[in-house]
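What follows is each chain in one-letter form.
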Amino acid sequence: LSVCPEDESIIMSSFVNTMTSLSVKQVEDGEVFDFRGMRLDWFRLQAYTSVSKASLSLADHRELGKMMNTIIFHTKMVDSLVEMLVETSDLSIFCFYSRAFEKMFQQCLELPSQSRYSIAFPLLCTHFMSCTHELCPEERHHIGDRSLSLCNMFLDEMAKQARNLITDICTEQCTLSDQLLPKHCAKTISQAVNKKSKKQTGKKGEPEREKPGVESMRKNRLVVTNLDKLHTALSELCFSINYVPNMAVWEHTFTPREYLTSHLEIRFTKSIVGMTMYNQATQEIAKPSELLTSVRAYMTVLQSIENYVQIDITRVFNNVLLQQTQHLDSHGEPTITSLYTNWYLETLLRQVSNGYIAYFPAMKAFVNLPTENELTFNAEEYSDISEMRSLSELLGPYGMKFLSESLMWHISSQVAELKKLVVENVDVLTQMRTSFDKPDQMAALFKRLSSVDSVLKRMTIIGVILSFRSLAQEALRDVLSYHIPFLVSSIEDFKDHIPRETDMKVAMNVYELSSAAGLPCEIDPALVVALSSQKSENISPEEEYKIACLLMVFVAVSLPTLASNVMSQYSPAIEGHCNNIHCLAKAINQIAAALFTIHKGSIEDRLKEFLALASSSLLKIGQETDKTTTRNRESVYLLLDMIVQESPFLTMDLLESCFPYVLLRNAYHAVYKQSVTSSA
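Quick summary incoming for the structure in this document. (Residues numbered from 1 in each chain as written. Predicted model: local features only at pLDDT ≥ 70, side-chain atom pairs only at ≥ 80, totals over all residues. Heavy atoms only, no water.)

### Points about the pattern of salt bridges
Part 1: Taken as a whole and assessed by the stated rule, the structure comprises 23 salt bridges.
Part 2: Among the ionic pairs, Glu258 bridges to Arg315, the shortest N-O distance being 3.0 Å. Within this pair, whereas Glu258 is found in helix H11 (residues 256-275), its partner Arg315 is found in helix H13 (residues 313-323), the two being separated by 57 residues in sequence. (Salt bridge = Lys/Arg side-chain N within 4 Å of Asp/Glu carboxyl O. Helix = DSSP H or I, 4+ residues; strand = E, 2+ residues; numbered from the N terminus.)

### Let's talk about unusual backbone geometry
With the exception of glycine, the majority of residues adopt a negative phi angle, and the majority of peptide bonds are in the trans configuration.
Part 1: Within the chain, Glu251 stands out as a residue other than glycine whose phi angle is a positive 65 degrees.
Part 2: Note on placement: Glu251 falls in the loop between strand E1 (247-249) and strand E2 (252-254).
Part 3: We classify Glu251 as exposed; its relative accessible area is 79%.
Part 4: Despite not being glycine, Asn580 shows a phi value in the positive range, around 65 degrees.
Part 5: The topology assignment puts Asn580 in the loop between strand E6 (576-577) and helix H24 (584-598).
Part 6: For Asn580, a relative accessible area of 4% puts it in the buried group. (Buried < 20%, exposed > 50% of the residue type's maximum accessible area, 1.4 Å probe, protein only.)

### Here we look at a nonpolar patch on the surface
Part 1: Taken together, Phe73, Met77, Leu81 and Leu85 make up a surface patch of nonpolar side chains, about 380 Å² in accessible area.
Part 2: Elements with a contribution of two residues or more to the nonpolar patch: helix H4 (62-79) and helix H5 (81-89).
Part 3: For Leu81, the position within the fold is in helix H5.
Part 4: Accessibility expressed as a relative area gives 45% for Leu81, which makes it partly exposed. (Patch = residues over 30% accessible without salt bridge, like charges linked within 9 Å, V, L, I, M, F, W, Y side chains within 5 Å. Areas by Shrake-Rupley, 256 points an atom, 1.4 Å probe, with all protein chains shown as cover.)

### Overview of the pairing of strand E4 (residues 365-368)
Part 1: Here strand E3 (residues 357-360) pairs with E4 via four bridges, running antiparallel. Residue pairing for E4: Tyr359 is matched across the bridge by Phe366. (Pairing = 2+ DSSP bridges.)

### Overview of the packing of helix H8 (residues 139-178) against helix H10 (residues 226-241)
Part 1: The N-to-C vectors of H8 and H10 enclose an angle of 150 degrees; their axes lie 10 Å apart at closest approach. In this view, H8 runs roughly antiparallel relative to H10, as classed from their interaxial angle. The way H8 lies across H10 gives a crossing that is left-handed. Taking contact as the criterion, the partners of Met158, Gln161, Ala162, Leu165, Ile166, Asp168, Ile169, Glu172 and Gln173 in H8 are, on H10, Asn226, Leu227, Leu230, His231, Ala233, Leu234, Leu237, Ser240 and Ile241. (Axes fitted to C-alpha atoms, helices over the stretch in contact; angles between N-to-C directions. Parallel < 35°, antiparallel > 145°, perpendicular 65-115°, else oblique. Left-handed = near helix turned anticlockwise from the far one by under 90°. Contact = heavy atoms within 4.5 Å.)

### Examining the packing of helix H16 (residues 385-424) against helix H22 (residues 525-532)
Part 1: Contact geometry of H16 with H22 gives a least axis separation of 9 Å together with a crossing angle of 50 degrees. With respect to H22, the axis of H16 lies oblique. The handedness of the crossing between H16 and H22 comes out as right-handed. Touching Met408, Ile411, Ser412 and Val415 of H16 are Ala526, Leu527, Ala530 and Leu531, all from H22.

### A word on the environment of Thr597
Part 1: Counting through the fold element by element, Thr597 comes out in helix H24.
Part 2: Using a relative accessible area of 12% as the deciding quantity, one classes Thr597 as buried.
Part 3: Apart from the residues within four sequence positions on either side, Thr597 is in contact with Met504, Met508, Ile523, Val528 and Ile603.
Part 4: Polar side-chain contacts of Thr597 include one of 2.5 Å to the backbone oxygen of Ala593. (Polar contact = N/O pair within 3.5 Å; in protein donor to acceptor, adjacent residues only side chain to side chain.)

### Considerations on the state of the cysteines
Part 1: Counted by the stated rule, this structure contains zero disulfides.
Part 2: The structure places no disulfide on Cys108, whose sulfur is separated from the nearest cysteine sulfur, that of Cys125, by 13 Å.
Part 3: Here Cys583 is not cross-linked by a disulfide; its sulfur's nearest cysteine counterpart is in Cys578, at 12 Å. (Disulfide = S-S within 2.5 Å.)

### Let's talk about helix H6 (residues 98-110)
Because an α-helix completes one turn every 3.6 residues, residues spaced three or four positions apart along the sequence face the same direction.
Part 1: Relative to the 18 Å expected for 13 residues at 1.5 Å per residue, H6 spans 18 Å between its end C-alpha atoms, a close match to the ideal helical length.
Part 2: Within the sequence span of H6, burial applies to Ser98, Phe101, Phe105, Cys108 and Leu109. Relative to the axis of H6, the buried residues are bounded by an arc of 95 degrees and lie together on one face. Exposed residues lying more than 90 degrees from the buried face of H6 are Arg99, Lys103 and Glu110.
Part 3: For H6, the elements touching its buried residues are helix H7 (120-125), H8 and H10. (Expected span 1.5 Å × (residues − 1). Arc of directions from axis to C-beta.)

### A look at the packing of aromatic side chains
Part 1: Scanning the model with the defined rule gives 21 aromatic pairs in all.
Part 2: Taking the centre distance of 4.6 Å and the plane angle of 35 degrees together, the rings of Trp343 and Tyr382 count as tilted. One end of the pair, Trp343, is in helix H14 (residues 336-353); the other, Tyr382, is in helix H15 (residues 380-383), with 39 residues separating them in the sequence. As far as the burial class goes, Trp343 and Tyr382 line up, both buried.
Part 3: When the ring of Phe377 is compared with that of Tyr382, the centres are 6.1 Å apart and the planes differ by 90 degrees; the resulting orientation is edge-to-face.
Part 4: When its relative accessible area of 10% is taken as the criterion, Phe377 is described as buried.
Part 5: One aromatic cluster in this structure is built from Tyr340, Trp343, Tyr344, Tyr359, Phe366, Phe377, Tyr382 and Phe468. (Phe/Tyr/Trp six-rings, centres within 6.5 Å; stacked < 30°, edge-to-face > 60°.)

Structure, rendered in C-alpha cells:
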C-alpha cells in the first residue's frame, strides 16, 4: 500500500498478528477459536475506507477486499459453522425473486417425476417472514402479503393441475362406460346375423369390431397407456397435496386438501351440466339414462381419489348433486333439473300438443306418430320407464317436485283459459245443466255453444301433461322404493289409512308427503296449490264454484263431437287413441278433484253429474244416422269406461245406471274387430 493512515495501519497489523499466531497444534489440542473480533475489525476497516474523503480508498484496492472477504469466510467456517449452514441453506431470499421462484414452480409442476416435490414451494412461503429485519419494519407487511399471495397461488395451481388430471381420467372412463351402453350392442347383433348369412353365401363380412374390455388386456408390461400415465401423474401430485394437513403463513392457515375439494366441486358441477349436451338451437339433449351412466363413471373416479388424498368426497357429491336438484345452483347457473324440465315441457310435450307424438298407455311411454315432418328425436327414447327412472335418479325428489310444479303451472294456465270459455257460454251451460233429460232442448242449446273444440283440445293437453306426470311419479316411486323401502312403505301406510272424517287440511298434508314420494293420490296436492293461486278478487267464491261446475258440464256435453274426428279411433295395441283423447279421463278426474277440493264441494256429486250429462250426450249420437259425425262413435263410448276406471270416486254400478254396459261391451268388440281387419 502506498499510503496507510495510522488507524488503518493498526487494524491491518492486528489482522497479520492474529493470522500468524495460528498453528496446527492449536487444532490438535482442541482449542476453541473465536474470530468475531477480527471480523469486527474488518467491518471497521471497511467503514474507514469507504467514506468520501478517506486517504485510503478501498475501491482503489480491490484485491485487498477480495482477500479479506475470503479470509472472513474461512474464519466463519471455523468458529460459526451452524450460523453459516443456516445462512447458506435459507431459501427465504426467494421472497425478493418471485418471478424466478414462480418459474421454478411451474417447471416442477410440469414434470410428473418432480410434481411430488411441488409442496416445497408453498412450504417455503412459511419462511418468508424470516427475511424481515428490525431495522426495516415497514417491509413486514409487504413480505407478509407476498408470502400469502404466492402460497395461495401455488396451492391453487397444484389443485388445478390435479383437477385437470382427474377430469382427463373421468373423460377416459366415461368413454369406456359409454361403450357398454345397450345401444352399441345392435351393431354386434347385426354383425352376428350378417356373419351367418355370409357363411351361407360364402362371402366375407365386415371386420369384427373390438369389444369393450380389450383395453385391459396387456401383452407386454412395458406398454403404457394414456390412462396409466394420468394415474401415475395424479398419484405423484396427490402425494404432494396430502404431504401436510395445513400450513401457517403470516397468521393465516392454508389447507391444501380444501383447495382440491373446492376445485373438484366446481369442475364436477360444470361437467354434469356439460354432459347433458343441451343445445338450445336444435333442442337436443342427452338421454337421462346415458347421462346417469356418465355421472356414475365420473363419481367412481372421484371416489378413487380418496385412495390418494384424505378428502371427504361424499361431501363433494352431496354439495354438487343436491344443487343439481334445484332450479339454479349456488352460482346462479342453470342445473340439469332446469334443463330437463324445460326440454320436456317445451320440446316433448309441445310436440304432443301439435299432434306429432301420442301417449301409449300400453307401453307407458310417449311415441312418435308417422307424419310428414319427422322429429329430430325419438320420444320413446326419452319417456319410457327406464328413462324416467334415470331422470328420477338424477333429479331426486326435489328435482321431480320442481318438474311437477312446472307442469302444474302449465295446467293452471290452461284451466284459466277454460274458465274464460265457460264465462262466455255461462247462460247456455246453466240451461244445459238442468235440461240433460230433454234431448231436443239439449240439441238446440248445444248449437249455441262456442269454442267446443278449444275446450276439448285444452282438456286433452291437460290430460297429456297429467299422464306425463304420472309416468314421472311412478318412476320416482320405483327409485325411492329401491333406495328407501322402509320409509316409502311407512308413507304408503299413512296414505292408505286416512280416516274419511279427517279434516281436509290434514289429509292434504298427507297427500303432499305421498306425492313427494311418488305415490298416486285421490286429490293431487300440487294441482290444488296451482289452481288455488288462480282465485280472482273480482269474482265471489260462489261464482267461482259455479264456473267450476259449468266447466265439467261443458266438457261432458262436448264429448260427442270427438266421434266425428278421424283420429279418434281407439287402438287396442296402444290401449288408447292416436289424438290422445284417452288422456281426457285423467284430466277430468284430476281437475274435478282439485277444483271441488278448493271450493269445498262434493267431488263425488259433481262427477256423478258429469257422468249423467256425458252419458246422455253420448247416447244421443247412437241414434244419429250421419256416418261422418258418428264414424268413431264406439271409440268415444270407451271414454266413459276409462273415466270410471281412472276415478277413485266413481263405480261401474253408477255407470251402469247411466249408460248400458251392453253398449260398452259392443263398443269394445267393434274396435277390436276393426283393428284386426285394418291390420290384416
